[in-house]
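Understanding the architecture of this molecule
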Amino acid sequence: MFTRKPLWAFCLALATLGSTTLPATPIAVDAEATTVEAAAPRSAQTTAALVAGTILSVPETAEKIVVDGVLSEAAWQSALSMPLSYETRPAENTPSPVATEIYLTYDRDNLYIAFRADDPEPEKIRARLSDRDQAFQDDFVGVALDTFNDERRAFEFFVNPLGVQMDLIFDDVNGSEDGSWDGIWSSAGKLTATGYVVEMAIPYSTLRFPKGGLNQRWGLDALRFYPRGDRHRLSINKQDRGIDCYLCQLTKIEGFAGASPGRNLEITPTATAARQDKRDGFPDGKFQQGETESDIGLTTTWGITPNITFSGTLNPDFSQVEADSAQLDINTQFALFFPERRPFFLEGAELFDTPFSAVFTRNVADPAWGAKLTGKVGKNAIGVFAARDELTNLLFPGSQGSRSTSLPLKTTDSVLRYRRDIGDSSALGGLVTSRKADGYSNEVYGIDGLYRFDSSNSVTFQGLISNTEYPDSVAAQFGQPQGSFDDHAIRANYNHRSRNWQAWGRYQDIGPGFRADMGFIPQVGFDKWVAGLAHVWWGDDENWYTDIRLGGDYDVTTDSTGQELEREAEMSLNINGPLQSHISLGAVVRDRFFNATNFSETTFHSWLEIRPTGDLWFGMFTLAGDAIDFANTQPADRLRLQPNITYNLGRHLRASLSHTYEKLDVDGGTLFTANLSQLRLTYQFNLRTFTRLILQNTDISRSVELFDDPASVAEETKRLFTQLLGSYKINPRTVVFVGYSDNYRGNENVDLTQTDRTVFVKLGYAWVL
């Protein structure tokens with residue numbers, strides 16, 4: 001068992017670091033459901049602790065398996081069985097503190113996986129009902145499957161003790177994990193008197209793998225997350241912390257002869273209806289009842305082969321039901337980023353990731369149709385998508401700020417992506433993006449790559465060239481070049497990662513005329529280099545901490561004329577400790593140039609999160625120090641506080657509350673005070689049904705007399721957004737959503753007044769053929 005020194009030792013150590021504020025961590029619920037005893041199969045193929053290089057055979061079954069969390073079928077008796085023998089975090093490849101067994105078998109349609117997770121204190125199991133992808137702070141088990149055995153990408157499937165599904169794509173080329181992907185698969189979980197049992201059936205139509213009827217060889221990791229005082233990560237594989245790749249350390253399994261996704265055709269019609277009422281004149285106008293607008297759309301996904309997928313959509317409903325988290329947009333220099341959530345764009349999205357954010361699909365705002373092809377053949381991966389967009393959002397980047405607008409232009413948007421695996425773990429790729437309309441065009445061409453020198457050292461790079469032409473009126477209004485213009489963007493990153501040391505170097509050069517209108521690059525006209533170094537101390541059972549990381553970097557940014565924009569030095573200290581706590585302390589010293597003025601700044605920031613119980617998570621971000629008042633080009637003092645708290649009330653109800661407080665002081669007084677509060681209440685009735693309330697309230701007060709142009713700003717800005725949503729999901733695409741939302745606004749003279757209200761219904765049904 002991996003033990004820790006008591007909490008008082010951790011608190012004493014924090015005190016020696018100085019007074020700080022701590023950040024929040026997610027919540028998990030204690031189990032309270034009816035327990036169900038499950039059969040505990042013992043396989044004739046049970047494998048002891050795995051030997052490196054061993055290839056294990058997964059047996060086929062002819063028996064029908066019912067996914068109910070009770071392992072009663074005879075097929076489980078002959079399944080391949082392996083213990084999760086190692087704890088890889090926070091301990092380093094020590095014996096697992098609890099017993100866990102994984103079972104694998106398959107038939108011609110599905111891969112079947114089961115886990116038996118024993119627990120000496122089953123009453124402490126953390127399990128709550130939640131929407132999919134929302135149970136990562138519970139106890140859970142699952143697998144990572146490298147189905148091409150190329151050690152570059154893996155599907156991840158996880159299930160909590162009540163059957164809540166979580167799925168992700170792990171990308172070892174870009175070092176990222178994408179939780180926005182949602183597959184269609186089956187799962188069940190049951191609490192037992194000695195722990196819990198999980199069962200899964202993953203259709204081959206959900207996976208992508210090489211074409212062919214012979215045996216497949218895949219990479220496998222089986223995982224259990226066991227959160228108590230520490231969040232223990234248990235695995236069938238040892239994990240070498242000195243190797244800068246994850247998928248290269250997986251166990252190899254073999255089998256699945258004749259595995260086929262069948263016709264692999266998914267047809268999803270959607271129907272939406274909405275009515276929006278608007279106030280005719282703010283604040284005293286009467287509400288005008290809007291017309292009920294309805295629409296029908298169709299999305300089709302076809303697995304042409306097990307490794308190539310086509311998706312097409314006509315008149316799609318690309319609206320997103322999930323409201324974006326609100327962000328303060330005051331005293332910002334560049335455009336804010338909001339992530340993509342729309343399902344059509346998430347299929348194969350990791351293939352379009354490159355060192356630059358050259359593909360950002362939220363730029364496709366209102367498409368009439370869309371088509372996409374993604375897949376991999378041998379060492380070659382390809383992705384293509386095209387769409388006809390009825391609304392054109394444009395971002396005009398610069399070296400010291402960005403602007404944006406929306407135009408009623410109908411554009412044809414397209415992206416072509418190619419990547420080839422090189423050697424054991426390197427890659428070389430190409431990218432082409434295009435956006436065209438009458439009088440407007442933007443095209444980007446480039447190459448990118450990853451080269452791993454060895455297990456600890458790698459280089460990534462990308463070079464892009466753009467050609468752009470705006471309508472003359474748009475160019476004149478936003479100060480853009482007239483006619484056609486082009487420019488370049490170059491990026492190179494070096495990374496060293498060994499067990500105890502990390503080092504990195506970065507270089508960027510983006511010309512002032514570079515535009516990536518299908519991407520998100522809000523700053524251009526600069527070059528920047530960064531160099532950094534960090535050391536990691538790993539804890540053991542004699543230490544109160546899990547790990548400590550001390551590091552820093554130095555960077556210089558210069559614009560295209562040679563003017564230095566920023567020279568910065570930063571130090572940071574990160575500590576992981578008991579009660580799943582994390583503390584980060586940082587200091588930044590920099591000189592900045594903005595609007596022909598030089599500024600010197602020193603800032604301090606901290607982030608603390610802790611989970612004192614399975615149901616409570618608390619976090620706190622603090623930033624204080626010098627800043628720039630961008631509206632008036634003057635030095636300022638900035639304070640930002642962001643407390644967050646999440647609490648689970650029983651197994652069904654979750655409450656999350658966050659607040660952002662920001663104040664900017666200048667000579668003469670406080671320029672503004674901003675408050676943003678967000679509340680989310682979710683009640684999960686069962687695995688398929690929930691209702692959720694979202695409240696987002698913003699209140700910004702300004703001292704208008706301190707602005708250079710007092711008439712251009714309001715003394716107070718108030719906004720309130722509410723949304724009430726009911727959801728029923730059979731799977732990610734067979735859904736019913738019914739909701740209501742409205743907006744309020746106000747100012748120094750008007751209290752919050754409702755400006756609009758919307759009622760909406762969305763239906764979707766996925767036929768999997």
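Everything numeric here is computed off the predicted structure, so don't read it as measured data.

Right, let's get into the pattern of salt bridges. Counted under the stated rule, the structure contains 34 salt bridges. Residues Arg 241 and Glu 92 are paired through a salt bridge, measuring 3.7 Å at the closest nitrogen-oxygen approach. A residue pair is termed long-range when its members are at least 10 positions apart, and Arg 241 in the loop between β15 (231-235) and β16 (251-255) and Glu 92 in the loop between β4 (86-89) and β5 (94-95) qualify at 149 residues. Residue Asp 118 pairs with Arg 116 through a salt bridge whose shortest N-O separation is 3.9 Å. For Asp 118, a relative accessible area of 25% corresponds to the partly exposed category. We classify Arg 116 as buried; its relative accessible area is 10%.

Another aspect to go through is the packing of aromatic side chains. Following the criterion strictly, the structure yields 26 aromatic pairs and no others. Between Phe 155 and Phe 157, the aromatic rings sit 6.5 Å apart at their centres with planes inclined by 20 degrees, giving stacked as the arrangement. The pair Phe 155 / Phe 157 is uniform in exposure class, with both members buried. An angle of 45 degrees between the planes, with centres 6.0 Å apart, marks the rings of Phe 209 and Trp 218 as tilted. Overall, the relative accessible area of 0% leaves Phe 209 in the buried class. Joined through ring pairs, the aromatic side chains of Tyr 106, Tyr 204, Phe 209, Trp 218 and Phe 256 make up one cluster. One Lys or Arg, Arg 241, reaches over the ring of Trp 538 and ends 4.0 Å from the middle of that ring. Between Arg 491 and the ring centre of Phe 356, over which it is positioned, the NZ or CZ distance is 5.9 Å.

When the sulfur atoms of two cysteines share a covalent bond, that bond is a disulfide. Counted by the stated rule, this structure contains one disulfide. In this model, Cys 245 is linked to Cys 248 through a disulfide, with the two sulfur atoms separated by 1.8 Å. In this structure the cystine formed by Cys 245 and Cys 248 twists about its S-S bond by roughly 75 degrees; its chirality is therefore right-handed.

With that out of the way, let us pick up the confidence of the model for the protein chain. Of all residues in the protein chain, 91% have pLDDT values of 70 or greater, and the mean over the chain is 89. Confidence drops under a pLDDT of 50 for residues 1-40, and excluding neighbours within four residues, the segment shows 138 contacts in the predicted structure.

Once that is clear, we can look at a nonpolar patch on the surface. Judged by side-chain polarity, Tyr 728, Ile 730, Val 736, Val 738, Val 761 and Leu 763 come together as a nonpolar surface patch covering roughly 440 Å² of accessible area. The residue Val 738 is located in strand β42 (residues 734-747) in this model.

Next up on the list: the pairing of strand β29 (residues 485-497). Remark: a regular strand shows side chains that alternate across the two faces of the sheet. Note that strand β28 (residues 457-469) and β29 share 12 bridges and pair antiparallel. Bridge pairing in β29 links Phe 461 to Ala 492. Pairing of β29 with strand β30 (residues 501-510) involves nine bridges; the strand directions are antiparallel. In the strand pairing of β30, Asn 493 is matched with Arg 506. Here β29 hands over to β30 after three residues, the two strands then running antiparallel side by side.

What counts and how
- Residues numbered from 1 in each chain as written.
- Predicted model: local features only at pLDDT ≥ 70, side-chain atom pairs only at ≥ 80, totals over all residues.
- Heavy atoms only, no water.
- Salt bridge = Lys/Arg side-chain N within 4 Å of Asp/Glu carboxyl O.
- Helix = DSSP H or I, 4+ residues; strand = E, 2+ residues; numbered from the N terminus.
- Buried < 20%, exposed > 50% of the residue type's maximum accessible area, 1.4 Å probe, protein only.
- Phe/Tyr/Trp six-rings, centres within 6.5 Å; stacked < 30°, edge-to-face > 60°.
- Lys NZ or Arg CZ within 6 Å of the ring centre and 35° of its normal.
- Disulfide = S-S within 2.5 Å.
- pLDDT = per-residue confidence, 0-100.
- Contact = heavy atoms within 4.5 Å.
- Patch = residues over 30% accessible without salt bridge, like charges linked within 9 Å, V, L, I, M, F, W, Y side chains within 5 Å.
- Areas by Shrake-Rupley, 256 points an atom, 1.4 Å probe, with all protein chains shown as cover.
- Pairing = 2+ DSSP bridges.

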